[in-house]
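# Notes for the structure review
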Amino acid sequence: MKTTLLLVLLLLSSVFAEDSNSKISEKRQAKLIQKGERVSNKLCDEKKLSKIKTKTFDEISKEIDKVKPCIALNKRNKKALIYFLLSKDKDINSSIQKEESIVLPKDSKCPVCGMIINKYPKWVALIEVEGKKHYFDGVKDMMKFYIFDADFPYDRSKIEEIKVTDFYTLKGIDAKEAFYVLGSNIYGPMGNELVPFETKKEAQNFMKDHKAEKIIKFQDITPKIVMALDGIEYNE
């Protein structure tokens, strides 16, 4: 998490230069980005925000005043929102993804549902078995592939790697060490999802912001939980 945020902040250093308050610590900038996402989710109109295409602090500030995408936006919330919008820059995200994200081959298909998943890099998960990489459009389908051996027969002892994508940072992280948020109002490509995070703190922040039910670990994900995400009652 710290490494990814550092990459973001280094890449944003030039665009933040126009902000008179840009000489703040990297830790403070990281917190502003996270706060800005919460402001975006709670106070702003996504369609209006999408109209803001500029790439410098001052330009975005002027566009916010012009477009008025948010309600009750005080000075502090506005600044946090600007940092968040800058962190979403496609060129910046592309650089981060090359460093730490799960590399997804062109036209990759989920072996569980058959969906082409290249349009959904934020949700990509991976299981590597004896050198063969299987990509998924979310944790839910990855866990079906992992749990249900009758439907997906392969030697589980031959699994070499299991990774999921951190929802905030887009970093590929160890699935068995991740924290998963269950029952939020955020949906993946296949509907209800287990949303993964590298740290418990980020999972807690997401849980609070998105009215989720609880946080669980990899070993707590049962067939019943997985099938319930699809509205199916599973009897073991």
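Structure first, text after, so check above.
Please read all numbers here as calculations on a predicted model, not as lab measurements.

### A look at the packing of aromatic side chains
Evaluation of the coordinates by the stated rule reveals 13 aromatic pairs. An angle of 55° between the planes, with centres 5.9 Å apart, marks the rings of F167 and Y168 as tilted. By relative accessible area, Y168 is classed as partly exposed at 21%. A centroid spacing of 5.2 Å and a plane angle of 65° characterise the contact between Y168 and F197, whose relative ring orientation is edge-to-face. Note that Y168 is positioned in the loop between strand 3 (159-165) and strand 4 (172-174) and F197 in strand 8 (residues 195-197), a separation of 29 residues in sequence. Judged by relative accessible area, F197 falls into the buried class, the value being 0%. Through pairs of rings, three or more aromatic residues link up here, namely W123, F167, Y168, F197 and F206. Seen from the ring of F167, K122 lies directly overhead, with NZ or CZ sitting 4.2 Å from the centre. The ring of F179 has K217 sitting right over it, with the charged end atom 3.9 Å from the ring centre.

### Examining the sheet that holds strand 8
Taken in spatial order, the three strands line up as 8-5-9 in an open sheet, and their pairing is antiparallel. Pairing within the sheet leaves two strands with one partner each, and these edge strands are strand 8 and strand 9 (214-217). When strand polarity is set aside, the average angle formed by the axes of neighbouring strands in this sheet is 35°.

### Comments concerning the state of the cysteines
Inspection of every chain in the model, using the stated rule, returns one disulfide. The disulfide bridge from C44 ends at C70, spanning 2.0 Å between sulfur atoms. Handedness here is read from the sign of the S-S torsion; for C44 and C70, about 95°, the answer is right-handed. Note that C44 is positioned in the loop between helix 2 (26-43) and helix 3 (46-49) and C70 in the loop between helix 4 (57-67) and helix 5 (75-87), a separation of 26 residues in sequence. Both residues of the pair, C44 and C70, count as buried. In this structure C110 is a free cysteine whose sulfur lies 3.8 Å from that of C113, the closest cysteine sulfur available. The class for C110 is buried, based on a relative accessible area of 2%. The class for C113 is partly exposed, based on a relative accessible area of 32%.

### Some points on the nonpolar core
If you look at the biggest cluster of nonpolar residues, it comprises 33 residues, and the most contacted ones within it are I127, M142, V164, Y180 and L194. Listing elements by their share of this core, those giving two or more residues are strand 1 (125-129), strand 2 (132-136), helix 7 (139-147), strand 3, strand 5 (179-182) and helix 9 (223-228). Formed by 17 residues, the second largest nonpolar core is a distinct cluster that contains V39, I60, L81 and I82.

### As for unusual backbone geometry
Residues other than glycine seldom take positive phi values, yet A72 does so here, at roughly 50°. Within the element layout of this structure, A72 appears in the loop between helix 4 and helix 5. Positive phi values are uncommon outside glycine, yet L170 reaches one of about 65°. Residue placement: L170 occurs in the loop between strand 3 and strand 4.

### Digging into the sheet that holds strand 1
Taken in spatial order, the four strands make up an open sheet running 2-1-3-4, and their pairing is antiparallel. Among the strands making up the open sheet, the edge pair consists of strand 2 and strand 4. Ignoring which end each strand starts from, the neighbouring axes of this sheet average 25° apart. Two strands pair when backbone bridges link them, and strand 1 and strand 3 are joined in this way by four bridges, in the antiparallel orientation. Within the sheet, the bridge partner assigned to V129 lies in strand 3 and is I159. Contacting strand 1, strand 2 and strand 3, helix 7 crosses the sheet at an angle of about 160° to strand 3.

Calculation notes
Residue numbers here run from 1 along each chain, matching the order of that chain's written sequence. Under the rules for a predicted model, residues below a pLDDT of 70 receive no local features and side-chain atom pairs below 80 are neither given nor counted, while totals for whole chains, interfaces and linings still include all residues. Side-chain calculation: all heavy atoms of the structure are included, whereas hydrogens and water are not. Whether two aromatic rings pair depends on their centres lying within 6.5 Å, for rings of Phe, Tyr and Trp, where Trp uses its six-membered ring; planes under 30 degrees apart make the pair stacked, over 60 edge-to-face, and the rest tilted. Only protein chains enter the accessibility calculation, which uses a 1.4 Å probe; a residue whose area is less than 20% of its type maximum is buried, one above 50% is exposed, and one in between is partly exposed. Only runs of H or I of at least four residues qualify as helices and only runs of E of at least two qualify as strands under DSSP, and these elements are numbered from the N terminus. Note on criteria: charge over ring means Lys NZ or Arg CZ within 6 Å of the ring centre, with the direction from the centre no more than 35 degrees off the ring normal. Following DSSP output, two strands are said to pair if at least two bridges run between them. Only the stretch in contact is used when fitting a helix axis, every axis being a line fitted to C-alpha atoms; angles between N-to-C directions are given from 0 to 180 degrees. Two cysteine sulfurs form a disulfide in these notes if their separation is within 2.5 Å. Residues belong to one nonpolar core when they are buried, are Ala, Val, Leu, Ile, Met, Phe, Trp, Tyr or Cys, and are joined through side-chain atoms within 4.5 Å. Should any heavy atoms of two residues lie within 4.5 Å, those residues are considered in contact.

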